[in-house]
Structure formats: C-alpha cells, structure tokens
Amino acid sequence: MTAAAATVQARADAAAADAARDARAEVLEAGNEKVTGVSKATAEKATKNGYYHFIVDIWITDFNFTEFGIYKRARNRAKSRQFTSDMDIFAEVIEGGERIGLIGYREDQWEKAQGMDKRLVFKLFNETLNWRATMDLMIGRSLQQTIAARGLPVMTYSVNTGDDNFIVYLERSANKWPFMPENFAFFIINEGSAPEFYRLKRDFINLGGDYTVYNQRGQKVGHLDGKVFSIGGKWKGKIRREHADRRLLTVLQMFSAMQVFNADCRRHMRRLWKDVMRGKVEPKLERQEADLYMNPRRIR
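Predicted model only: the values in this text are computed from it and were never measured.

### Brief notes about the nonpolar core
- Among the nonpolar cores identified, the biggest contains 55 residues, and Ile103, Phe122 and Leu200 are the most heavily contacted of them.
- When residues in this core are grouped by element, the largest group, 8 residues, is from helix H7 (residues 246–258).
- Among all residues touching Leu200, those that are not within four sequence positions of it are Leu170, Glu182, Asn183, Phe184, Phe186, Tyr211, Thr212, Val213, Leu224, Leu252 and Phe255.

Structural data, given as structure tokens:
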C-alpha cells in the first residue's frame with residue numbers, strides 16, 4: 001500500500017469512527033436507558049454544558065444505612081450472591097442529584113490476606129443492591145508488569161461491566177518518572193464498531209487526586225476532580241456527552257473509588273515484587289483470577 005493510499009484509508013477509518021460515535025451520541029441524547037443506565041429524567045439532570053456529571057462520595061465510617069446490623073447484612077446477601085459476607089460498602093454514586101449506585105470492597109481479601117492472596121476487589125451495586133460491575137486488581141498481570149518495570153508498581157485492573165460481552169482492562173503506565181504524574185489507560189470495545197481508547201493522566205498540580213480524561217487522539221473529553229478536604233473523600237466527574245455511555249461511566253466511577261486505595265496498591269505490588277525476588281513468597285493465583293487468563297479457544 002502506498003503512502004497516499006494509507007492516508008486515504010486512515011481518513012476513512014477516522015470518518016467511520018466519528019460516524020459511530022455520532023450515532024451513539026444520538027442514542028444518548030434520546031435517553032436510551034440501556035445505554036445510559038438511568039432514566040431519561042436523571043440523564044437530563046446530570047447533563048450540563050455538554051458534559052455528563054457524576055459524583056463518587058466516600059463514606060468515612062462503616063456505620064452506614066446499607067450495612068448496619070447483622071440482619072441487614074444477611075438480607076443484603078440474600079438480594080445478591082455478589083454481596084459476600086465480607087463486603088464493606090464505602091461509597092455511593094450520584095447522578096442528577098440521585099443515588100444510583102453503591103460501591104463496596106471485599107474487606108477480608110484486602111485487609112486480612114497476605115502476599116499473593118491479598119487482592120483488591122470492588123463491586124458496584126444499584127440502589128436495590130443488584131450487582132452491576134466488578135473491578136479486580138489482577139495480581140498475576142500486575143506482578144508481571146512490575147517485574148518488567150524493575151520494581152515500579154504497575155497495576156492492572158479488570159472491569160466486568162454487567163451484561164457486556166467484553167472485559168475492560170485498566171492499567172497503570174510504567175512510563176513514569178519520579179515526581180511526574182501517573183497515567184492509566186484502557187479501551188472499550190463497541191459492538192459493530194471500532195474500539196475506543198482512553199487515557200487518565202493525573203494533573204500535575206492537584207490536591208485531591210485529579211485526573212484528566214483523554215481520548216485516543218489526545219483530546220480532553222473529561223475530568224475527575226478529587227476533593228481532599230471532604231470527609232472521607234469525594235470525586236466529581238464529568239465526561240463529554242457523546243462519550244458518556246454506561247460502560248465508560250462505570251469504569252470512571254470505579255476508578256474514582258479506587259483512589260482511596262491507590263497508594264496502598266502501589267506499596268503492596270512493590271512489596272510483593274521484593275518478596276518474590278527474595279524467595280519469601282511463592283507465586284500463586286486464586287481460582288477467580290486464574291479464570292480470567294484461561295484460553296477462550298480451549299476444548300471444553
């Protein structure tokens with residue numbers, strides 16, 4: 001293929017991607033609940049100046065309305081098998097002034113486990129505690145990347161967004177200099193159209209964990225504004241309306257909640273890398289994570 005033909009093809013691909021994005025934007029504007037995940041009225045209230053807005057509010061105490069009392073916890077587990085006995089609800093998601101979701105983490109797996117067994121697992125539930133998404137710190141992939149980066153913590157998270165056929169993999173970049181902002185990246189596969197790539201860059205000057213969201217062309221399409229002086233923590237997010245489908249919003253909301261654990265995750269992976277290098281820890285993977293690495297073409 002000549003250079004001219006390659007240029008023409010690249011422009012055609014870009015035009016097709018733009019057309020697909022415009023089509024999704026029309027669906028979003030029409031308030032399709034399957035895409036937005038909320039009612040049309042809520043979506044309209046969450047939209048302002050061309051951006052879709054949301055809030056992830058972190059609670060400072062465990063005594064919240066969702067968990068308080070043994071009976072309440074048992075009833076929550078009965079509503080969803082994803083609500084395990086060690087599930088600690090610590091944040092709420094607000095869109096258009098309404099609480100539309102709750103985020104919890106597997107407390108025992110993170111606070112009590114050690115070595116390769118120590119994993120961070122988030123779960124997103126709707127207001128009635130039906131499961132919507134899971135975000136896992138993939139220890140095997142993260143350790144592999146950290147070894148390649150010679151000890152620089154490189155975390156990989158898998159995000160399973162409900163009925164979607166594809167898993168989203170969110171990774172911290174190993175291209176990081178001391179005292180320089182960190183970057184994360186991921187992509188979302190759209191049925192019948194090209195994948196969309198996104199990068200989250202931590203703002204150079206920030207107080208509460210602020211990140212700017214860029215698309216694959218390096219254009220700013222959103223922002224996460226962390227409020228360090230709020231009790232517990234609060235992230236106000238916004239994303240361009242044409243990009244704001246439910247999967248992207250879910251990834252950004254889970255990423256915002258993860259910021260509470262971000263520094264601990266870096267320390268955990270660096271410590272695990274040192275212990276494996278010194279032979280203090282024997283590498284192993286839990287069954288749940290090992291399943292994510294299985295060959296999809298294996299004979300079943």
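### Here's the deal with the packing of aromatic side chains
- Enumeration according to the criterion identifies 12 aromatic pairs in this entry.
- Seen from their ring centres, Trp110 and Phe261 are 6.4 Å apart, and the 85 degrees between their planes marks the pair as edge-to-face. On the criterion of sequence distance, the pair formed by Trp110 in helix H5 (residues 107–112) and Phe261 in the loop between H7 and helix H8 (262–277) is long-range, its members being 151 residues apart. Each member of the pair, Trp110 as well as Phe261, carries the same accessibility label: buried.
- Here the guanidinium or amino end of Lys118 rests over the ring plane of Trp110, the centre of that ring lying 4.3 Å away.
- Over the aromatic face of Tyr51 sits the side chain of Arg240, whose NZ or CZ is 4.8 Å from the ring centroid.

### Thoughts on a positive patch on the surface
- A cluster of basic side chains, namely Arg270, Arg271, Lys274, Arg278 and Lys280, defines a positive patch on the protein surface.
- Relative to the helices and strands, Lys280 resides in the loop between H8 and helix H9 (287–292).
- The exposure class of Lys280 is exposed, given its relative accessible area of 61%.

### What to know about the pattern of salt bridges
- In total, this model carries 19 salt bridges according to the counting rule given.
- In this structure, Asp117 engages Lys284 in a salt bridge whose closest nitrogen and oxygen atoms are separated by 3.4 Å. Residue Asp117 is located in the loop between H5 and strand S5 (121–125), and its partner Lys284 is located in the loop between H8 and H9; the two are separated by 167 residues in the primary sequence.
- On the accessibility criterion, Asp117 (29% relative accessible area) is partly exposed.
- Its relative accessible area of 45% is what places Lys284 among the partly exposed residues.
- Measuring nitrogen to oxygen at the nearest pair gives 3.2 Å for the salt bridge that ties Asp245 to Arg247.
- On the basis of relative accessible area, Asp245 is assigned to the buried category, the value being 10%.
- Its relative accessible area of 16% is what places Arg247 among the buried residues.
- Salt bridges sharing partners connect three or more residues here, namely Arg119, Asp136, Glu286 and Glu289.

Scoring rules and cut-offs
Residues numbered from 1 in each chain as written. Predicted model: local features only at pLDDT ≥ 70, side-chain atom pairs only at ≥ 80, totals over all residues. Heavy atoms only, no water. Core = buried A, V, L, I, M, F, W, Y, C linked by side-chain atoms within 4.5 Å. Buried < 20%, exposed > 50% of the residue type's maximum accessible area, 1.4 Å probe, protein only. Helix = DSSP H or I, 4+ residues; strand = E, 2+ residues; numbered from the N terminus. Contact = heavy atoms within 4.5 Å. Phe/Tyr/Trp six-rings, centres within 6.5 Å; stacked < 30°, edge-to-face > 60°. Lys NZ or Arg CZ within 6 Å of the ring centre and 35° of its normal. Patch = residues over 30% accessible without salt bridge, like charges linked within 9 Å, V, L, I, M, F, W, Y side chains within 5 Å. Areas by Shrake-Rupley, 256 points an atom, 1.4 Å probe, with all protein chains shown as cover. Salt bridge = Lys/Arg side-chain N within 4 Å of Asp/Glu carboxyl O. Lys, Arg positive; Asp, Glu negative; His and termini not counted. Charge placed at Lys NZ, Arg CZ, Asp CG, Glu CD.

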